[in-house]
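Working through the structure, step by step
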Amino acid sequence: ECLTMRYLLLAMILLSTACQTARHGTAPAPLVQRAQAFEDVVRWGALEKMVVFTKIDPSKPVTIPEGLDNVRVTGYELASGLAEVKPNRWSQTAVIDYVLTDRQIVRQLIDHQVWVSDDDGKSWYRENPLPQFN
């Protein structure tokens, strides 16, 4: 019985590893980590932290969109995983389900993400605007 449990555990580990590989294909590891961190921030509702994933312009103040405290994310699913558009430029699309808590309105948005690296893949930032939770 103990041997059976070991095989079951090993199968589960191999399956989860295969799913991660299929999900992000040949994307660079730092990009995969950055995209997953963005997903975690959104999924767990720390929406004000989304700005950390954008390119910061030192000459402009960072502004956090208003009303994020009224949003509760209920789902985050990838519609398409990371795909290379051209060198150091990748995209993916996520479907985000959320509720506007003051009105109990359920909404869904499609978040087309464009990830770019200016240093040959060492660090990544989101180039396009952050999703708008209206």
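Because the structure is a prediction, the values reported are computed rather than measured.

Here Thr74 is to be found in strand β1 (residues 71-86). Here Thr74 falls in the partly exposed class, since its relative accessible area comes to 45%. Once the C-alpha coordinates of Thr74 and Gly45 are considered, the two residues, 29 residues apart in sequence, prove to be 8.9 Å apart. If we skip the residues at most four places from it in the chain, Thr74 touches Asp97, Tyr98 and Val99.

This brings us to the packing of aromatic side chains. Geometry of an aromatic ring pair is reported as the spacing of the ring centres plus the angle between the planes. On inspection of all chains with the given rule, the structure shows 4 aromatic pairs. Between the aromatic rings of Phe38 and Trp115, the centroid separation amounts to 5.8 Å while the plane-to-plane angle is 75°, which identifies the pairing as edge-to-face. Here Trp115 lies in strand β3 (residues 105-116) and Phe38 lies in helix α2 (residues 29-43), a separation of 77 residues in the sequence. One exposure class covers both Phe38 and Trp115, and it is buried. Taken together, a centroid distance of 6.4 Å and an interplanar angle of 90° make the contact between Phe53 and Trp115 edge-to-face.

All right, on to the side chain of Asn128 then. Position of Asn128 relative to the elements: it lies in the segment after β4 (125-126). Within the structure, the side chain of Asn128 is placed 2.3 Å from the backbone oxygen of His112, a separation counted as a polar contact. Among the polar contacts listed, one links the side chain of Asn128 to the backbone nitrogen of Val114, at a separation of 3.0 Å. With residues up to four places along the chain from it excluded, the contact list for Asn128 reads His112, Gln113 and Val114.

The rules we used
- Residues numbered from 1 in each chain as written.
- Predicted model: local features only at pLDDT ≥ 70, side-chain atom pairs only at ≥ 80, totals over all residues.
- Heavy atoms only, no water.
- Helix = DSSP H or I, 4+ residues; strand = E, 2+ residues; numbered from the N terminus.
- Buried < 20%, exposed > 50% of the residue type's maximum accessible area, 1.4 Å probe, protein only.
- Contact = heavy atoms within 4.5 Å.
- Phe/Tyr/Trp six-rings, centres within 6.5 Å; stacked < 30°, edge-to-face > 60°.
- Polar contact = N/O pair within 3.5 Å; in protein donor to acceptor, adjacent residues only side chain to side chain.

Purely geometric numbers; function is a separate question.
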